Amino acid sequence: MVQPLQSKGDSPPPGASASGRAWLMLALATVGFAVNFWAWALLSPLGPRFKDSLDLSSFEQSLLVAVPVVVGSLGRIPVGALTDRFGGRVMFPIVSAVTIVPVLYLGLAGHFSLAALLIGGFFLGIGGTAFAVGVPLVSAWFPPERRGLAIGIFGAGMGGTAISALTTVKLVDAGSMATPFLITAGMLAVYAVTAALLLRDAPGRTVPTEPLARRLAATARLGITWQASALYAVTFGGYVAFSVYLPTYLKTGYGLTQADAANRMAGFVLLAVAMRPVGGWLSDRLGPVKVLAGSLAAVVAGAVVQSSTPPLAPLGTIAFLAMAAALGAGSGAAFALVALLTPAHQVGSVTGVVGAAGGLGGFLPPLVMGSLYGEYGTYAAGLALLALVAAAALAYTLTGIRAAVQGGGRAPRTGRGRSRRTAHTTV
């Protein structure tokens, strides 16, 4: 069962223009997403330093970086369901405030042993759940034909990882180990207070009344949950994998310095972040199927070219930048698909599962790439495998996903002149 939240207004119908207040809520949610992702990614840039100072093995270093990613990904499932129930107005300040605790712990006391770092990293994963709070909040404020762009703009908040990559080590060098953690904790505190004062849920928001377990079970029965999860694991998972592993790839495969490799990784991340809103905007105009198909085709082409390890200037650079743009646009299109096909009162729950799939999709490829390189002394097999996975996702998009979208569009019309699908997914 669901019950409408009592409000003076109605949610925006199809064809309506987004209000100024909707854009303000989008801006607040995007900033919150970026700040929480900044905190979520604090340990990754410091991995090499902890390896040296604590004499960690390669596996221990990988585990240290992976723990926040895994917790943040899996944590999106319950947090998304809780957002359906309590709304982003409540959940965004809570997630931001709770994330302050592990950030301060790691900066002040939790960086002197591997065990302490793993404990802090586990709870640092809470920051990664902010994604599952923002998507349903933003989706509810915008009419269906503007949701792709809105969610794409919100998704650009994943650039918080780039802020961490570009500033964390520099802040440690300029101050102390505590410096980046204290600054990030301060930003989280400012945002938590601001969100508590200014953030609002959309008028007419639908509030589910079933128990959490029953709602998660209902989410698992939705086709869009698994369709979008598969695509997001490839698109966003590919972005995460490259953002984590690209410096190692460039240093090993091309002999670049650590600084040069890190700068090129930052360029990859920034292009992917910039293309995510573009993917959502194009999905509003062309449909998510066409955008996903084009993005995945570009990933296939880029991976095939790069599998031969061409010269970095210009062919290798072009291949990587093409994949960055495609993965960013594809991530935006995947969530435009979620907004199109998900019932209004289940957007948070579906977002949680899909977001978890995307995060976990980025965890496995670096391990595969490293294993294959260790076995064969080349990255060709790993990139060929990426091309095959992207090709399979492309085929699925052109068949199963296209059929799902067309099936939703053929729903019978209601007495108000809109299809049942449109009425159902309008928040």
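If you're wondering where the values come from, they're calculated on a predicted model, not measured in any experiment.

Trainee: How would you summarise unusual backbone geometry if you had to cite specific residues and measurements?
Mentor: Residue Ala313 is joined to Pro314 through a cis peptide bond whose omega torsion reads 0°. Mapped onto the elements, Pro314 comes out in helix α15 (residues 312-341). The backbone of Asp55 sits at a positive phi, close to 55°, despite the residue not being glycine. For Asp55, a relative accessible area of 67% translates into the label exposed.

Trainee: Provide a residue-level description of helix α8 (residues 144-155), including the pertinent values.
Mentor: Between its first and last C-alpha atoms α8 spans 17 Å; for 12 residues at 1.5 Å apiece the expected length is 16 Å, and the two agree. Buried residues of α8: Arg147, Gly148, Leu149, Ala150, Ile151, Gly152, Phe154 and Gly155, and no others.

Trainee: Please set out a nonpolar patch on the surface residue by residue, giving values where relevant.
Mentor: Judged by side-chain polarity, Phe86, Val90, Ile94 and Val98 come together as a nonpolar surface patch covering roughly 320 Å² of accessible area. As for its position among the elements, Val98 is in helix α5 (residues 88-108). Overall, Val98 belongs to the partly exposed group, its relative accessible area being 36%.

Trainee: Run through the nonpolar core, naming residues and quoting values.
Mentor: Within the largest apolar cluster, 86 residues are counted, with the highest numbers of intra-cluster contacts made by Val138, Phe154, Phe242 and Tyr249. In this structure, Tyr249 is in contact with Tyr254, Gln306, Phe320, Met369, Tyr379 and Leu383, ignoring residues within four places of it in sequence. Core analysis: the second largest hydrophobic core is formed by 20 residues, Trp38, Ala39, Leu42 and Leu46 among them.

Calculation notes
- Residues numbered from 1 in each chain as written.
- Predicted model: local features only at pLDDT ≥ 70, side-chain atom pairs only at ≥ 80, totals over all residues.
- Heavy atoms only, no water.
- Helix = DSSP H or I, 4+ residues; strand = E, 2+ residues; numbered from the N terminus.
- Buried < 20%, exposed > 50% of the residue type's maximum accessible area, 1.4 Å probe, protein only.
- Expected span 1.5 Å × (residues − 1).
- Patch = residues over 30% accessible without salt bridge, like charges linked within 9 Å, V, L, I, M, F, W, Y side chains within 5 Å.
- Areas by Shrake-Rupley, 256 points an atom, 1.4 Å probe, with all protein chains shown as cover.
- Salt bridge = Lys/Arg side-chain N within 4 Å of Asp/Glu carboxyl O.
- Core = buried A, V, L, I, M, F, W, Y, C linked by side-chain atoms within 4.5 Å.
- Contact = heavy atoms within 4.5 Å.

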